[in-house]
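# Residue-level structural notes
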Amino acid sequence: MSIKSLAERIGMDYDSVIEDFCGDVAALKDALRAFPSKTATAMLEECVRSMDMEGIRKEAHAIRKSAEKLGLGELRTSAARLEEVNAEKVPADSEHLIRLQREIAKAIEEENL
């Protein structure tokens, strides 16, 4: 499977991202390989469990920035929503974000870039 087909699978805006990476497919592969570790799902889950609002905001911000760099629109939007930290919405918003992160990380790992 190519990066382009992976991009379709994970909701990446391939054309925009490849332009941002100046056509450097190797750099894009490196960024994709690093993505699962950058998302820090476990840290976000711990912050949600303890309702550490500042921690939730911090982790959501980091996820949003990574998602922006990789053109992952749905993940970016979900992280931005959680970054606003509305205590009432944290459980549902964080569940959605964590599910998306895991799906994307699994697809990237399966790709063996």
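Report on the accompanying structure. Sequence positions are assigned chain by chain, starting from 1 and proceeding in written order. Only residues with pLDDT of at least 70 get local features here, since the model is predicted, and only at 80 or more are side-chain atom pairs given and counted; chain-wide, interface and lining totals rely on the full set of residues. Note that the side-chain values use all heavy atoms of the structure and ignore hydrogens as well as water.

By definition here, a salt bridge exists when the distance from a side-chain nitrogen of Lys or Arg to a carboxyl oxygen of Asp or Glu is within 4 Å. Tallied over the full model, the rule gives ten salt bridges. Between Arg 33 and Asp 30 there is a salt bridge, with the nearest N and O atoms lying 2.7 Å from each other. Separated by three residues within a single helix, Arg 33 and Asp 30 lie in helix 3 (residues 25–39), roughly one turn from each other. Note on exposure labels: buried denotes an accessible area under 20% of the residue type's maximum, exposed denotes more than 50%, and partly exposed covers the range between, all computed with a 1.4 Å probe on protein chains only. Looking at Arg 33, the relative accessible area reads 43%, which means it is partly exposed. Given the relative accessible area of 45%, Asp 30 is considered partly exposed. A salt bridge links Arg 57 to Glu 54; the shortest N-O distance between them is 2.8 Å. You can see Arg 57 and its partner Glu 54 sitting in helix 5 (residues 53–69), three residues apart, about one turn around the helix. The exposed category is assigned to Glu 54, whose relative accessible area is 52%. Linked by salt bridges that have partners in common, Arg 64, Lys 65, Glu 68 and Glu 83 make up one network. Numbered from the N terminus, helices here are DSSP runs of H or I no shorter than four residues, and strands are runs of E no shorter than two.

Among the structural elements, Ala 92 can be located in helix 7 (residues 90–111). The class for Ala 92 is exposed, based on a relative accessible area of 53%.

Burial in helix 4 (residues 41–49) covers these residues: Thr 41, Leu 44, Cys 47 and Val 48. Taken around the axis of helix 4, the buried residues stretch over an arc of 125°, which confines them to a single face. Across from the buried face of helix 4, at angles greater than 90 degrees, the exposed residues are Ala 42 and Arg 49. Following helix 4 by one or two positions, Met 51 has its phi on the positive side, about 50°. The arc in question is traced by the directions running from the helix axis to the C-beta atoms.

Moving on, we get to the packing of helix 6 (residues 73–83) against helix 7. Axis separation between helix 6 and helix 7 bottoms out at 9 Å; the angle between their running directions is 150°. Judged by the inter-axis angle, helix 6 sits roughly antiparallel to helix 7. Here helix 6 and helix 7 pass one another in a crossing that is left-handed. Packed against helix 6, whose contacting residues are Glu 74, Leu 75, Ser 78, Ala 79, Arg 81 and Leu 82, the element helix 7 presents Val 90, Asp 93, Ser 94, His 96, Leu 97, Leu 100, Gln 101 and Ile 104 at the interface. Residues are grouped as follows: Ala, Val, Leu, Ile, Met, Phe, Trp, Tyr, Cys and Pro are nonpolar; Asp, Glu, Lys and Arg are charged; all remaining types, including Gly, are polar. Its residues placed into classes, the contact of helix 6 with helix 7 shows seven nonpolar, four polar and three charged. Comment: axis = line fitted to C-alpha atoms, over the contacting stretch for helices; angle = value between 0 and 180 degrees taken between N-to-C directions. Angle categories: roughly parallel below 35 degrees, roughly antiparallel above 145, roughly perpendicular from 65 to 115, and oblique for all the rest. Handedness of each helix crossing follows the sense of rotation of the near helix against the far helix: counterclockwise by less than a right angle gives left-handed, clockwise gives right-handed. For this analysis, residues touch if any pair of their heavy atoms sits within 4.5 Å.

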